[in-house]
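Observations on the model geometry
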Amino acid sequence: MSEVDEFEELRPLLFSIAYRILGSVSEAEDAVQETWLRFDGSATRPASAKAFLSAVVTRISIDVLRSARVRREQYVGPWFPEPLLSDPYEDPARSVELADSVSIAALLLLERLTPLERAVFLMREVFAFGFDEIAGAVGRSEAACRQLLVRARRHMEAGRPRFEADREERQKLAARFFDALKDGDVVGLRDLLAADAQLVGDGGGKAPQLGRALVGAQRVARVLGTVFPLLSRIDVTFEPHEVNGQPGAIFRDRDGKVLHILALDVLDGQIQTIRTILNPDKLGHLGPVADAWAIDRELKRERRRG
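In short, a report on the structure.

What follows is about the overall build of the protein chain. Helix and strand counts for the protein chain come out as twelve helices and six strands. Over its C-alpha atoms the protein chain spans a radius of gyration of 21 Å, differing by no more than 12% from the 19 Å that the globule rule assigns to 306 residues. Dimensions of the protein chain along its principal axes, counting C-alpha atoms only, are 70 × 35 × 35 Å. The 306 residues of the protein chain split such that 49% are buried. For the protein chain, the accessible area works out to roughly 14,400 Å², and carbon and sulfur atoms hold 49% of it. Here the protein chain contributes 43 positively and 47 negatively charged side chains, and the mean placements of these two sets differ by 7 Å.

Shown next, in the form of structure tokens:
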């Protein structure tokens, strides 16, 4: 195998590691590209390309995350990771771990960890690396990595997200939700929501968003059942699509540009949380982005007419 072929074979794994550490598609892609440059520029060929490249992309991602955390502390409103429509890395033996770890809820929970804890937790619990490989990647002893993992597990177990185990049932519930949304069926929406369901948006100050999270099935259903029929009248459409391994949808304006992403957390036959990602900086990897402010103005005009 040539170096290029070896790297391309491992690219999905490297991206998946970087994305879970960073919560950003664009930053993960940059980390993978920097990893290639270091691999290509290395004077010697490593005994294990997988171990070498995984270590390099992890170290790069840790450094990027440390600087990103400062920006996230100054972020306007709730911060969500960039939406991932499909994970390029597949491992049948780790399918459950991979699916759980890429959900928005899990990535938000990982924000509680330090960069080192996050990297150690992901490399061990999700990607099943040995402690010798993890130690080499993060620049700590194996004993220190074991301690980092213990702390990380403690934080994660305290708030570990749980989801509907049956994928088919989850998709059926999501289909009913989007049918009710399309029809503006407030009662139908309310019946699908948990009593304490939340609607939360991430606009980052760069798109219209809720001032704060809406809580309660009736309140959330009323807002959704009112707003989305108005959106359809100004030719906003949506297509159901898996988002970070959970049910969701892509909303587009009349020109087909991405307006926002909606993602659902489903548990015990009910929708627990609805998250919308409107920040245009987080949508560019999905295609041309709509002008959310223009849509908002048009929406208000339509509401006045109605």
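Text resumes after the structure shown.
Before going further, it helps to examine the sheet that holds strand E6 (residues 270-277). If you walk across this open sheet you meet the six strands as E2-E1-E6-E5-E4-E3, and the pairing is mixed. Each of the sheet's edge strands pairs with one partner strand only, and the pair in question is strand E2 (214-215) and strand E3 (237-240). On the sheet, helix H11 (residues 217-233) packs against strand E1 (193-202), E2, strand E4 (248-252), strand E5 (258-267) and E6 and is oriented at approximately 50° with respect to E1.

Checked against the element boundaries, His260 lands in strand E5. Using a relative accessible area of 6% as the deciding quantity, one classes His260 as buried. Beyond its immediate sequence surroundings of up to four residues, His260 is in contact with Phe228, Ala249, Ile250, Phe251, Thr276, Ile277, Leu278 and Leu283.

Residues in a regular strand project their side chains so that they alternate between the two faces of the sheet. Counting buried residues along E6, six of its eight residues qualify, which places the element largely inside the surrounding structure. The pairing of E1 with E6 spans six bridges and is classified as parallel. Residue pairing for E6: Leu193 is matched across the bridge by Ile271. As paired elements, E5 and E6 share seven bridges and run antiparallel to each other. Counted as the bridge partner of Leu262 is Thr276 from E6. Hairpin connection between E5 and E6: a loop of two residues separates the two successive antiparallel strands, and Asp268 in this loop has a positive phi of roughly 55°.

Enumeration over the complete set of coordinates arrives at 24 salt bridges. Residues Arg254 and Glu298 are paired through a salt bridge, measuring 2.8 Å at the closest nitrogen-oxygen approach. Residue Arg254 is located in the loop between E4 and E5, and its partner Glu298 is located in helix H12 (residues 292-305); the two are separated by 44 residues in the primary sequence. For Arg254, a relative accessible area of 44% puts it in the partly exposed group. Because the salt bridges share partners, they merge into one network encompassing Arg72, Glu111 and Arg118.

Take the environment of Val186 next. As for its position among the elements, Val186 is in helix H10 (residues 186-192). With relative accessibility at 24%, the residue Val186 sits in the partly exposed group. For Val186 and Ala221, which are 35 residues apart along the polypeptide, the C-alpha to C-alpha distance reads 5.3 Å.

In the contact formed by helix H2 (residues 25-40) and helix H3 (residues 49-73), the axes pass within 9 Å of each other and the chain directions differ by 135°. What the angle tells us is that H2 and H3 run oblique. The element H2 and its partner H3 pack so that their crossing is right-handed. Residues Glu27, Ala31, Val32, Glu34, Thr35, Arg38 and Phe39 of H2 form the contact with H3, whose own contacting residues are Ala49, Phe52, Leu53, Val56, Val57, Ile60, Ser61, Val64, Arg71 and Arg72. Considered class by class, the residues forming the contact of H2 with H3 number ten nonpolar, two polar and five charged.

The rules we used
Residues numbered from 1 in each chain as written. Predicted model: local features only at pLDDT ≥ 70, side-chain atom pairs only at ≥ 80, totals over all residues. Heavy atoms only, no water. Helix = DSSP H or I, 4+ residues; strand = E, 2+ residues; numbered from the N terminus. Rg over C-alpha atoms; globule rule 2.2 N^0.38 Å. Buried < 20%, exposed > 50% of the residue type's maximum accessible area, 1.4 Å probe, protein only. Areas by Shrake-Rupley, 256 points an atom, 1.4 Å probe, with all protein chains shown as cover. Lys, Arg positive; Asp, Glu negative; His and termini not counted. Charge placed at Lys NZ, Arg CZ, Asp CG, Glu CD. Pairing = 2+ DSSP bridges. Contact = heavy atoms within 4.5 Å. Axes fitted to C-alpha atoms, helices over the stretch in contact; angles between N-to-C directions. Salt bridge = Lys/Arg side-chain N within 4 Å of Asp/Glu carboxyl O. Parallel < 35°, antiparallel > 145°, perpendicular 65-115°, else oblique. Left-handed = near helix turned anticlockwise from the far one by under 90°. Nonpolar A, V, L, I, M, F, W, Y, C, P; charged D, E, K, R; others polar.

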